[in-house]
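Residue strings, one per chain:
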Amino acid sequence: MTNDLFAASDPSEDVVRPLAVRMRPTTLDEVVGQRHVLAPGSPLRRLADPASTGSLTAPSSVILFGPPGVGKTTLAHIVAKQSGRQYEELSAVTSGVKDLREVLRRAHERLVSQGKETVLFIDEVHRFSKSQQDALLPSVENRDVTFIAATTENPSFSVIKPLLSRSVVVKLESLEPEELRTVIERAVSNPRGLGGKVRVQDDAVDEIIRLAGGDARKSLTILEAAAGAVDESGSNVPAEITADVVSTVMNVAAVRYDRNGDDHYDVISAFIKSMRGSDVDATLHYLARMIRAGEDPRFIARRIMIAAAEEVGMAAPQILQTTVAAARAVQMIGMPEARIILSEAAIAVATAPKSNASYMAINQALADVDAGLIGQVPLHIRNAPTTLMKSWGNHEGYRYAHDYPNAVVEQQYMPDELVGREYYHPNSRGYEREIGPRLDRIRAIIHGEPAPPAPTQTERKPTEPVDPAHTEHPGETQRSQMKGKNDDATDTGRKEEDREHGGE
């Protein structure tokens, strides 16, 4: 498809074109925002300079990466027009390899016969298959075309490496509120826009900005809809757009979120970090963004379960049970009611005492295994279901823990190479405050060392202050005390019975 820019901007067609199209900037100086990529000497400035035609140093391939409505297509138009190059455009949604090769053939013939360079703009290049992207390589490398691509997905993952290595990636940002205000005010007064036929109240501008979510095209679409709602044809008095009018024509704000792109990963990362940091309000904000964007509630529930194990762990082990129950309820109920369950589970994780000791423990154990620190399983704790295996010494000398006080006995469980290795180190928050001293006594007994005395509550208080941000959940202290009593109980009255030791 060939586009003649001058024909495309013919005023006779402006009447039926959307406001966002009519207000499209025609020079780089008219572009609002993106100052960080339009500075003198930047790739886009150099490409837009007519002197860049035939230059050996001008970029031959640029990938514009950013969210919708920030000017990717506009910048490609401007570069072609200002530089005097021919403009060709393809959409990766509707074009195939045949269309691409035809455009590249024309560009090559134009360069050879007329000496005229071509800007080839491909919108949504991330939708091109690998073979389609491969077809671009020879023309980009030989500079048959000046290639400009637009994508809303991170090119590190959506563009093939050979094409990426031949391109300059320009990251565009969402427009700031004041930049959107400039776009709106310009459209209201400019003859190409609304030509002063409407007035927009300040609170209406603020409402448009809120709903647009940094998207210039969205802001102009809302403005156009609001202008149409108050249009009084034939009146000489400018119609007035109020905040109520804006809310009537567009009452849901644009949410920046792509379930397969960077927004997906950025928001879920912020959600997890907010739960980890115990900021319950930020947790709920990011949860709301995912819900409004249509994220799979089962995915959110899975991440909450993982956070319960990784961030809370044994500091409040009941939180994992809460999140597992929530995940099952989400599957059974579905949206929109599942939002309540997700909220409860996320709040439980965010407000719980925190410990990553379980997470660190398994990672350290895995690191040892990966490093080859494995060793042989001690004979006395090996399985011995057959007479032959018993004759090898398997299970011989094994001490059944329940036959000893507190169900703990001096015995080697680790392979010889790892005796004394400790992976789990509980902290002093939540239930782990109870685990720590008890674990010290258990390890001492297992290793045949003098067991440290059990600290009393009075002894623990001065050295283990309670973090007010991580108070125990209701009933946690009572459960911990009961567990301690059970652990310290003797085995008096334990039933004596024959036990099969072969398959523990």
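Residues numbered from 1 in each chain as written. Predicted model: local features only at pLDDT ≥ 70, side-chain atom pairs only at ≥ 80, totals over all residues. Heavy atoms only, no water.

Under an unreviewed UniProt entry, the name given to the chain is Recombination factor protein RarA, and the source organism is Bifidobacterium animalis subsp. animalis IM386. Looking at the Sequence similarities (unreviewed entry) heading of the UniProt record, one finds this comment for the chain: "Belongs to the AAA ATPase family. RarA/MGS1/WRNIP1 subfamily." (UniProt positions renumbered as here; feature names shortened; annotations may be inferred.)

Draft legend 1. Main features of the overall build of the chain. Along the chain, the regular secondary structure elements total 22 helices and seven strands. Buried residues in the chain amount to 41% of all 504 residues. Here the contacts in the chain between residues at least 6 apart in sequence split such that 73% fall between residues at least 24 apart. Working note: accessible area of the chain is about 27,100 Å², and carbon and sulfur atoms make up 53% of it. (Helix = DSSP H or I, 4+ residues; strand = E, 2+ residues; numbered from the N terminus. Buried < 20%, exposed > 50% of the residue type's maximum accessible area, 1.4 Å probe, protein only. Contact = heavy atoms within 4.5 Å. Areas by Shrake-Rupley, 256 points an atom, 1.4 Å probe, with all protein chains shown as cover.)

Draft legend 2. Molecular detail of the environment of proline 162. By the element assignment, proline 162 lies in helix H8 (residues 161-165). The sequence separation of proline 162 and leucine 137 amounts to 25 residues, and the corresponding C-alpha distance is 7.6 Å.

Draft legend 3. Up close: a negative patch on the surface. A contiguous patch of negative charge on the surface is contributed by Glu185, Asp202, Asp203 and Asp244. Tracing the backbone shows aspartate 202 in helix H10 (residues 202-212). (Patch = residues over 30% accessible without salt bridge, like charges linked within 9 Å, V, L, I, M, F, W, Y side chains within 5 Å. Salt bridge = Lys/Arg side-chain N within 4 Å of Asp/Glu carboxyl O. Lys, Arg positive; Asp, Glu negative; His and termini not counted. Charge placed at Lys NZ, Arg CZ, Asp CG, Glu CD.)

Draft legend 4. Structural view of unusual backbone geometry. Between methionine 335 and the following residue, proline 336, the backbone shows a cis peptide bond with an omega angle of 10 degrees. Here proline 336 lies in the loop between helix H16 (318-333) and helix H17 (338-351). In this structure, glutamine 34 is a non-glycine residue whose phi angle is positive, near 60 degrees. Along the chain, glutamine 34 turns up in the loop between helix H2 (19-22) and helix H3 (43-48). Of note in the backbone geometry, alanine 407 takes a positive phi value of approximately 55 degrees without being a glycine. Residue placement: alanine 407 occurs in the loop between helix H19 (387-391) and helix H20 (432-446).

Draft legend 5. Representation of the sheet that holds strand E3 (residues 118-123) in the model. As summarised here, the arrangement of the five strands in space is E2-E3-E4-E1-E5, forming an open sheet in which the pairing is parallel. Each having just a single partner strand, strand E2 (86-91) and strand E5 (168-171) make up the two edges of the open sheet. Adjacent strand axes in the sheet meet at a mean angle of 20 degrees when their direction is disregarded. As paired elements, strand E1 (residues 61-65) and E5 share four bridges and run parallel to each other. Among the inter-strand pairings, phenylalanine 65 is bridged to a residue of E5, identified as lysine 171. Taken strand by strand, helix H4 (residues 72-83) contacts E1, E2, E3 and strand E4 (146-151), and its axis lies near 175 degrees from that of E3. (Pairing = 2+ DSSP bridges. Axes fitted to C-alpha atoms, helices over the stretch in contact; angles between N-to-C directions.)

Draft legend 6. Representation of the pattern of salt bridges. On inspection of all chains with the given rule, the structure shows 21 salt bridges. Here arginine 181 makes a salt bridge to aspartate 206, at a shortest N to O gap of 2.7 Å. Taken together, the residues span a long stretch of sequence, with arginine 181 in helix H9 (residues 177-189) and aspartate 206 in helix H10 at a distance of 25 residues. Residue arginine 298 pairs with aspartate 296 through a salt bridge whose shortest N-O separation is 3.0 Å. Take aspartate 296: its relative accessible area is 19%, and that puts it in the buried class.

Draft legend 7. Spatial organisation of H9. Over its 13 residues, H9 extends 19 Å from the first C-alpha to the last, a length consistent with the 18 Å expected when each residue adds 1.5 Å. Those residues of H9 lying buried are Leu180, Arg181, Val183, Ile184, Ala187 and Val188. Mapping the buried residues of H9 onto a view down its axis gives an arc of 160 degrees, with all of them on the same face. As for H9, its buried residues are in contact with H2, strand E6 (198-200), H10 and helix H11 (216-230). (Expected span 1.5 Å × (residues − 1). Arc of directions from axis to C-beta.)

Draft legend 8. View of the environment of glutamate 124. With respect to the element layout, glutamate 124 can be found in the loop between E3 and helix H6 (130-141). Between the C-alpha atom of glutamate 124 and that of alanine 92, which follows or precedes it by 32 residues, the distance is 5.6 Å.

Draft legend 9. Broad picture of the pairing of E4. Among the six residues of E4, six are classified as buried, and the element is accordingly described as predominantly covered. As defined by bridge partners, E1 adjoins E4 across five bridges and the pair is classed as parallel. Pairing of leucine 64 across the sheet is with alanine 150, part of E4. Both E3 and E4 contribute to a ladder of four bridges, which runs parallel. In the strand pairing of E4, leucine 120 is matched with phenylalanine 147.

Draft legend 10. Local environment of the packing of H10 against H11. Packing of H10 against H11 leaves a shortest axis separation of 8 Å and a crossing angle of 135 degrees. Classified by the angle their axes make, H10 and H11 are oblique. Considering only the axes of H10 and H11, their crossing is right-handed. Between H10 and H11, the residues in contact are Ile208, Leu211 and Ala212 and Lys218, Ser219, Ile222 and Leu223, respectively. Its residues placed into classes, the contact of H10 with H11 shows five nonpolar, one polar and one charged. (Parallel < 35°, antiparallel > 145°, perpendicular 65-115°, else oblique. Left-handed = near helix turned anticlockwise from the far one by under 90°. Nonpolar A, V, L, I, M, F, W, Y, C, P; charged D, E, K, R; others polar.)

Draft legend 11. Representation of the pairing of E3 within the structure. Within E3, five of the six residues are buried, which leaves the element mostly enclosed by the surrounding structure. Taking the sense of rotation as the criterion, the β-α-β connection linking E2, helix H5 (residues 97-114) and E3 turns out right-handed. Crossover connection from E3 via H6 to parallel E4: handedness right-handed. (Right-handed = clockwise from strand over helix to strand, strands pointing away.)

Draft legend 12. Examining the packing of H9 against H10 more closely. Their axes nearest at 10 Å, the elements H9 and H10 cross at an angle of 120 degrees. When the axes of H9 and H10 are compared, the pair comes out oblique. Pair H9 / H10 crosses with right-handed handedness. Contacts from Pro177, Leu180, Arg181 and Ile184 of H9 reach H10 at Val205, Asp206, Ile208, Ile209 and Ala212. Of the residues contributing to the contact of H9 with H10, the split by class is seven nonpolar, no polar and two charged.

Draft legend 13. Molecular detail of H10. Regarding H10, the residues found buried are Ala204, Val205, Glu207, Ile208, Ile209, Leu211 and Ala212. In the segment just after H10, glycine 213 is the residue with positive phi, at about 60 degrees.

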